[in-house]
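Each chain, written out:
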Amino acid sequence: MSDWETNIPLLKIDRRNFDATLNSVKSAISGATFLAMDLELSGLGDRRKFIVPTVDERYEGIAAAAKTRAVVSVGVSCYTMVTSDVTTMTFRVDSFEFAVLCTDHFVVDPVSCTFLVRHGFDFNHMFTHGLPYRRGNDKSKEPSSSPPDFRHLFSFLLAAKKPVVLHNGFLDLVFIYDNFYCELPRKLERFVADLCEMFPAGLFDTKYLSDFRGRFGASFLGYAFRAAQRLNARSRTSVAMQFPRPDEASRVAYQRFPLPSHREAVATTTAEFCPKYSAYGYCNNRECKLSHNLDDILDKHLHRKYRRSKRRNRSKDMQPEVNLEQEVKTEPEVNLEPEVKSEDIPNSECHRDSEYIPNTVIEVNGDDPNTADYPLGATDTDGRHTAGYDG
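A brief look at the structure comes next. Note that this is a predicted model, so its numbers are computed, not measured. (Residues numbered from 1 in each chain as written. Predicted model: local features only at pLDDT ≥ 70, side-chain atom pairs only at ≥ 80, totals over all residues. Heavy atoms only, no water.)

## With respect to the pattern of salt bridges
All told, the structure shown has 11 salt bridges when counted by the stated rule. The residue Arg-69 makes a salt bridge to Asp-109 at a minimum N-O spacing of 3.0 Å. Taken together, the positions of Arg-69 in the loop between helix H2 (55-68) and strand S3 (71-84) and Asp-109 in the loop between strand S4 (88-102) and helix H3 (110-118) put the pair 40 residues apart, joining distant regions of the chain. Judged by its relative accessible area of 14%, Arg-69 falls in the buried class. Assessed through its relative accessible area of 7%, Asp-109 is described here as buried. The partner of Arg-230 in a salt bridge is Asp-295, and the shortest N-O contact between them spans 3.1 Å. With a gap of 65 residues between them, Arg-230 in helix H9 (residues 221-234) and Asp-295 in helix H11 (residues 294-318) connect regions that are remote in the sequence. Neither residue differs from the other here; Arg-230 and Asp-295 are each classed as buried. A cluster of three or more residues bridged by salt bridges with shared partners is formed by Arg-226, Arg-230, Asp-295 and Asp-299. (Salt bridge = Lys/Arg side-chain N within 4 Å of Asp/Glu carboxyl O. Helix = DSSP H or I, 4+ residues; strand = E, 2+ residues; numbered from the N terminus. Buried < 20%, exposed > 50% of the residue type's maximum accessible area, 1.4 Å probe, protein only.)

## A word on unusual backbone geometry
Of note, Lys-161 is a non-glycine position whose phi angle comes to about 55°, a positive value. Inspection of the secondary structure puts Lys-161 in the loop between helix H5 (150-160) and strand S6 (164-166). Of note in this structure, Asn-168 is not a glycine but carries a positive phi near 50°. Looking at the secondary structure, you find Asn-168 in the loop between S6 and helix H6 (170-180).

## Description of the environment of Arg-226
Turning to its location among the elements, Arg-226 is positioned in helix H9. For the pair formed by Arg-226 and Leu-294, sequence separation is 68 residues and the distance between their alpha carbons is 7.5 Å. In terms of polar contacts, Arg-226 uses its side chain to reach the side chain of Asp-295, at 2.8 Å. (Polar contact = N/O pair within 3.5 Å; in protein donor to acceptor, adjacent residues only side chain to side chain.)

## Considering helix H1 (residues 18-31)
In this model, H1 (14 residues) spans 19 Å end to end at C-alpha, consistent with the 20 Å of a helix rising 1.5 Å per residue. Where H1 is buried, its residues contact strand S1 (7-13), strand S2 (34-41), S3, S4, strand S5 (131-133) and H5. (Expected span 1.5 Å × (residues − 1). Contact = heavy atoms within 4.5 Å.)

## Some points on the packing of H5 against H6
The geometry of H5 relative to H6 is characterised by a closest axis approach of 11 Å and an angle of 120° between their N-to-C directions. If you check the angle between H5 and H6, you find them oblique. Viewed along their axes, H5 and H6 form a crossing whose handedness is left-handed. From H5, Phe-150, Arg-151 and Phe-154 reach across to H6, where they touch Ile-176, Asn-179 and Phe-180. When its residues are assigned to classes, the contact of H5 with H6 shows 4 nonpolar, 1 polar and 1 charged. (Axes fitted to C-alpha atoms, helices over the stretch in contact; angles between N-to-C directions. Parallel < 35°, antiparallel > 145°, perpendicular 65-115°, else oblique. Left-handed = near helix turned anticlockwise from the far one by under 90°. Nonpolar A, V, L, I, M, F, W, Y, C, P; charged D, E, K, R; others polar.)

## With respect to the packing of aromatic side chains
A full pass over the atoms with the stated rule returns 16 aromatic pairs. With a centroid separation of 5.0 Å and 40° between ring planes, the pair formed by Tyr-208 and Phe-212 is classed as tilted. Of this pair, Tyr-208 and Phe-212 both sit in helix H8 (residues 206-213), separated by 4 residues, roughly a single helical turn. The class for Tyr-208 is buried, based on a relative accessible area of 14%. A residue is classified by how much of its surface remains accessible, and Phe-212, at 41% relative accessible area, is partly exposed. Relative to Tyr-277, the ring of Phe-220 has its centre 5.8 Å away and its plane inclined at 65°; by these criteria the two rings are edge-to-face. With Phe-220 in the loop between H8 and H9 and Tyr-277 in helix H10 (residues 275-280), this residue pair connects regions lying 57 residues apart in the sequence. By relative accessible area, which is 0% here, Phe-220 ends up buried. Taking the relative accessible area as the measure of exposure, Tyr-277 reaches 16% and is therefore buried. Three or more aromatic residues link up through ring pairs in this structure, and these residues are Phe-96, Phe-98, Tyr-133, Phe-150, Phe-154 and Phe-180. (Phe/Tyr/Trp six-rings, centres within 6.5 Å; stacked < 30°, edge-to-face > 60°.)

Pasting the structure below:
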């Protein structure tokens, strides 16, 4: 297998190559079967304000952060189905990372910046070469009515009416709305109604799918990706991805990220893993000696799931002999999600792949925001984003 088949090419776009790449990006969006999106932000403020009883209060807290912070990077991946048969669905994947710079005043959280720099983000590049954008009302504008800048491209993306995939993306959607579309409405109901108008083909949350469809042991982004990768390797109908090979004569620079190799479960693993990291994708103990290896964690979770399955099967086989009037004692299931204490919740410096921001479920095609039709959550990403690839 060639190097380009095992690496993810990511086209990095800023003000220097935006005009040269705009037509290629539009072509990828227009031809896509669906899109995946992810953001990096200048901060979130106090995340404790997001841990509130109702979705309306949570929306108010996130909206307050979105109005004072800015988007610093946008990742978009375009998935285009190439072939499909009884065994394999093959997608061509074009990925783009846009360095953007808000021209309005915005707050920068030092701890968030420290985290981004630690994961390779270049603020010098953002301020020097970032695509400028301004907040404002583009709600009623067509793509052709604005000059070719990032908001022009975002309007084009909305006009393409493609399904959009996020991971725990409620927070991302609030920031997208306020930075690239329109001033946020006061009421959650108005926000949800506008999402229906903006994304008529649907919004799909991989955190919700991990929790309630895949029934994974955890749902933070890195875990969900590795679990899905294992499922894909043994599924009767698998998904394959093709990545474009950059034109060697082109002046456009691509960055490559290696795909992690598939690993089969090792049921006899003896590794002791960190319970907090295994549940949330984050551990704030810098001296933690326990394993943070996702494969070790997956092995242990799958082994426990296998043992519980065997117990259930044995119980079914013995059921005719069970006296239903007697109490049947079973081994309690292991709680893989430790209780979160207030002192454990980090204030902005938390890895954005963590689960400290609760999953938010709203309905984007009805009146009841507590009904899970299209579930949307707050953002988790696995370090720096490459949209669609890290989970």
